[in-house]
Amino acid sequence: MSRRGYQACSRKSAWTAGALFLFGLAGCEPFWNAPEGRALDFAEALVTTPADMQKLRDIANLAPERNPEDLLDGLSVRVALDFLRAKQAQGVELKFALGEARHIDALRRAVSVRVSYLQPGTPANSEVRMQVQIEKDDQGRWRITRVTGDN
């Protein structure tokens, strides 16, 4: 194959690869807009910026009159949030990560959020888990519906 033929072939391959990549992205929900990411962001905001109600409402897709704290279901999640907020106030670094995400059906998911921290004086990380329930509304937007302790 001539040098010119090789260059044409490599350009064609690059265009084909680029087109396949774009088609792949078009067929998937982008990770930055995925409902699991929304659940993670909401859990992190509940711990790190609980007084920013507007931010919490925006992440959860709540109406302006709704209080994001109303989504907390059960004593275990309230204790977990108080504990994590106290750790943060003490200067402990918290790391938020997604755990298991269960697809209940096409419109609902349950996402486990893990918050790890290094307990002073111990060599291992400790972890607190929360379960965030999300579902699609009538406009097809994901919204947070409930947060519980993840036992």
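Trainee: Mind showing me how you'd approach the overall build of the chain here?
Mentor: Looking only at helices and strands, the chain has 4 helices and 4 strands in total. Looking at the chain as a whole, 32% of its 151 residues are labelled buried. The contacts of the chain with a sequence gap of at least 6 include a subset with a gap of at least 24, amounting to 42%. For the chain, the exposed surface amounts to about 9700 Å²; the carbon and sulfur share of it is 53%.

Trainee: What is the right way to look at the pairing of strand β3 (residues 125-136) in this model?
Mentor: Regular strands place their side chains on alternate faces of the sheet. Relative to β3, strand β2 (residues 108-118) is paired through 11 bridges, and the arrangement is antiparallel. Paired with Val-113 across the two strands is Met-130, which belongs to β3. Two successive antiparallel strands, β3 and strand β4 (residues 142-149), enclose a turn made up of 5 residues, where Gly-140 displays a positive phi of approximately 80°.

Trainee: Explain unusual backbone geometry here, please?
Mentor: Glycine aside, a negative phi is what most residues show, and trans is what most peptide bonds show. We note that Asn-61 has phi near 60°; this positive angle belongs to a residue other than glycine. Relative to the helices and strands, Asn-61 is located in the loop between α3 (53-60) and α4 (75-89). Asn-61 sits in the partly exposed class, given a relative accessible area of 24%.

Trainee: How do you make sense of the pattern of salt bridges when you look at a structure like this?
Mentor: Side-chain pairing between opposite charges can occur once the charged atoms of the two side chains come close. Inspection of every chain in the model, using the stated rule, returns 8 salt bridges. Arg-109 is the salt-bridge partner of Glu-36, the closest N and O atoms lying 3.0 Å from each other. Of this pair, Glu-36 sits in helix α2 (residues 35-48) while Arg-109 sits in strand β2, and the two are 73 residues apart along the sequence. For Glu-36, a relative accessible area of 13% gives the class buried. Of the residues examined, Arg-109 reaches a relative accessible area of 13% and is grouped as buried.

Rules behind the numbers
Residues numbered from 1 in each chain as written. Predicted model: local features only at pLDDT ≥ 70, side-chain atom pairs only at ≥ 80, totals over all residues. Heavy atoms only, no water. Helix = DSSP H or I, 4+ residues; strand = E, 2+ residues; numbered from the N terminus. Buried < 20%, exposed > 50% of the residue type's maximum accessible area, 1.4 Å probe, protein only. Contact = heavy atoms within 4.5 Å. Areas by Shrake-Rupley, 256 points an atom, 1.4 Å probe, with all protein chains shown as cover. Pairing = 2+ DSSP bridges. Salt bridge = Lys/Arg side-chain N within 4 Å of Asp/Glu carboxyl O.

Bear in mind that shape data such as this cannot, by itself, settle questions of function.
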